Amino acid sequence: MGQGRSVAGGPAGESPTKGFEAGSQTQPSEAPTARIEIHHFVTTTVTDQQFLTGAKDGMPARIGGELKLPSGTERVPAVILMHGSAGLGANVDRWAKELNDIGVAAFLIDSFTGRGIVQTVTDQSQLANLAMIMDAYRALELLSTHARIDASRIALMGFSRGGFVALYASLKRFQRMHGPDGIEFVAYIPFYAQCNTAYIGDEQVSDRSIRLFHGTADNYVSIEPCRKYVERLSRAGKDIQLTEYTGAQHAFDNPLYSPARFLPDAVTTSHCPREERAGGKIVNLETDRAFSWNDACVRRGATIGYDPVATTEATKAVKSFLIATFKLNSSHPRR
């Protein structure tokens with residue numbers, strides 16, 4: 001189980017908080033993280049329709065993030081990490097350590113706590129997935145001002161709900177409406193993302209690299225719509241690749257989910273093909289009516305399970321990809 005297979009792709013290849021201070025640096029003997037900073041910033045809570053129409057009347061929200069910096073004093077690249085429906089978990093923290101290990105900073109965004117949300121596993125209507133793209137853009141805007149961060153080398157990575165964010169934040173249309181001026185993510189890395197909604201202009205994505213990772217046995221978020229989307233983008237000449245892990249389940253990179261467990265109340269929309277229509281309306285293609293969380297295609301029950309082989313392979317792939325993308329010295333373990 002868990003052996004990776006690349007199946008499609010192009011070439012390899014208020015206002016935000018200001019006035020960051022690098023502060024003193026320590027030299028840990030064991031853990032690669034040298035400094036942890038807590039930052040908060042203002043974002044906007046919007047509905048899907050507000051997001052898709054570019055509305056500016058969403059509700060302001062202040063959320064936080066944990067910035068984990070590697071040792072040293074020089075500017076370093078960074079990855080913004082977006083969590084899934086359960087909130088910040090063990091897999092996100094593990095990835096932060098892996099990133100620090102190659103000299104890359106990790107900014108772990110908490111999209112839930114500041115909004116009074118604990119989890120959306122059982123009620124996805126609490127926060128629109130598209131609203132978290134706003135969070136990612138504002139985090140990019142904020143992180144680009146940090147004294148230790150190279151603003152030209154910031155990537156976006158996410159898991160499940162956060163994987164959706166890491167994938168669709170690449171749409172040029174969304175960037176024009178909501179993204180920060182003069183800066184863009186250098187790469188997009190979605191893990192087990194939901195791809196079953198077709199958005200207007202969704203083939204017009206960034207020219208930067210997009211790398212998806214997904215398990216073939218995922219019954220929470222189906223891999224099949226991602227296969228089709230990746231094929232479409234690949235035909236359009238985009239630098240995109242999907243790596244599949246045979247037999248891997250949802251959240252395969254989270255060591256807490258061993259053994260695998262079934263979540264009877266988890267909401268899944270894998271059986272709901274959807275499409276954006278004029279006016280930012282999301283339509284259920286099975287009914288040709290506006291999508292509702294009460295639609296028959298919305299089901300409950302899904303499995304989550306750790307796969308150590310898939311995790312190991314995905315970790316190697318992501319680190320190698322970032323070393324090449326960020327032009328890092330591959331021999332850099334820690335300073």
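This text follows the structure it describes.
Let us look at the structure shown here. In this text the structure is predicted, and so the values were computed from the model without any measurement.

1. Thoughts on the side chain of Asn129
Inference 1: Position of Asn129 relative to the elements: it lies in helix α3 (residues 129-143).
Inference 2: Classification of Asn129 as buried rests on a relative accessible area of 18%.

2. Let's talk about the packing of aromatic side chains
The way to describe two aromatic rings as a pair is by their centre distance and the angle between their planes.
Inference 1: Within the structure shown, the criterion is met by 19 aromatic pairs.
Inference 2: Between the aromatic rings of Phe51 and Phe174, the centroid separation amounts to 4.9 Å while the plane-to-plane angle is 80°, which identifies the pairing as edge-to-face. Taken together, the positions of Phe51 in helix α1 (residues 48-53) and Phe174 in helix α5 (residues 172-178) put the pair 123 residues apart, joining distant regions of the chain.
Inference 3: By relative accessible area, Phe51 is classed as buried at 0%.
Inference 4: Judged by its relative accessible area of 0%, Phe174 falls in the buried class.
Inference 5: A ring pair is formed by Phe164 and Tyr168, whose centres lie 4.8 Å apart and whose planes are at 40°; its orientation type is tilted. With Phe164 and Tyr168 both in helix α4 (residues 161-168) and four residues apart, this pair spans about one turn of that helix.
Inference 6: What makes Tyr168 buried here is its relative accessible area of 1%.
Inference 7: Clustering of aromatic rings is evident, with ring pairs tying together Trp95, Phe159, Phe191, Tyr192, Phe213, Tyr245 and Phe252.
Inference 8: In this structure, Arg94 is placed above the aromatic ring of Trp95, and the distance from its NZ or CZ to the ring centre is 4.8 Å.

3. Observations concerning the state of the cysteines
Inference 1: Summed over all chains, the structure comprises two disulfides.
Inference 2: For Cys195, the disulfide goes to Cys226, at an S-S distance of 2.0 Å. Handedness of the Cys195-Cys226 disulfide follows from its S-S torsion of about 80°: it is right-handed. Separated by 31 residues along the polypeptide, Cys195 in the loop between β7 (187-191) and β8 (197-198) and Cys226 in helix α6 (residues 224-235) bring together distant segments of the chain.
Inference 3: Through a disulfide, Cys272 is tied to Cys297; the S-S separation comes to 2.0 Å. Measuring the twist about the S-S bond at about 110°, one finds the Cys272-Cys297 disulfide to be right-handed. Taken together, the residues Cys272 in the loop between β11 (261-268) and β12 (274-277) and Cys297 in the loop between β14 (289-290) and β15 (299-304) connect sequence positions 25 residues apart. One exposure class covers both Cys272 and Cys297, and it is buried.
Inference 4: Counting only the cysteines that form disulfides, in the order they appear in the protein chain, gives the pairing 1-2, 3-4.

4. Let's talk about the environment of His271
Inference 1: Checked against the element boundaries, His271 lands in the loop between β11 and β12.
Inference 2: Sequence-distant contacts of His271, that is, excluding residues within four places in its chain, are made with Glu286, Cys297 and Arg299.
Inference 3: For His271, the side chain forms a polar contact with the side chain of Arg299, separated by 3.2 Å.

5. Some details on the pattern of salt bridges
Inference 1: Scanning the entire structure with this criterion turns up 20 salt bridges.
Inference 2: Arg232 is the salt-bridge partner of Glu203, the closest N and O atoms lying 3.1 Å from each other. Pair noted here: Glu203 is in the loop between β8 and β9 (209-215) and Arg232 is in helix α6, with a separation of 29 residues, a long-range link.
Inference 3: Within the structure, one salt-bridge network assembled from shared partners comprises Glu66, Lys68, Asp93 and Lys97.

Definitions and cut-offs
- Residues numbered from 1 in each chain as written.
- Predicted model: local features only at pLDDT ≥ 70, side-chain atom pairs only at ≥ 80, totals over all residues.
- Heavy atoms only, no water.
- Helix = DSSP H or I, 4+ residues; strand = E, 2+ residues; numbered from the N terminus.
- Buried < 20%, exposed > 50% of the residue type's maximum accessible area, 1.4 Å probe, protein only.
- Phe/Tyr/Trp six-rings, centres within 6.5 Å; stacked < 30°, edge-to-face > 60°.
- Lys NZ or Arg CZ within 6 Å of the ring centre and 35° of its normal.
- Disulfide = S-S within 2.5 Å.
- Contact = heavy atoms within 4.5 Å.
- Polar contact = N/O pair within 3.5 Å; in protein donor to acceptor, adjacent residues only side chain to side chain.
- Salt bridge = Lys/Arg side-chain N within 4 Å of Asp/Glu carboxyl O.

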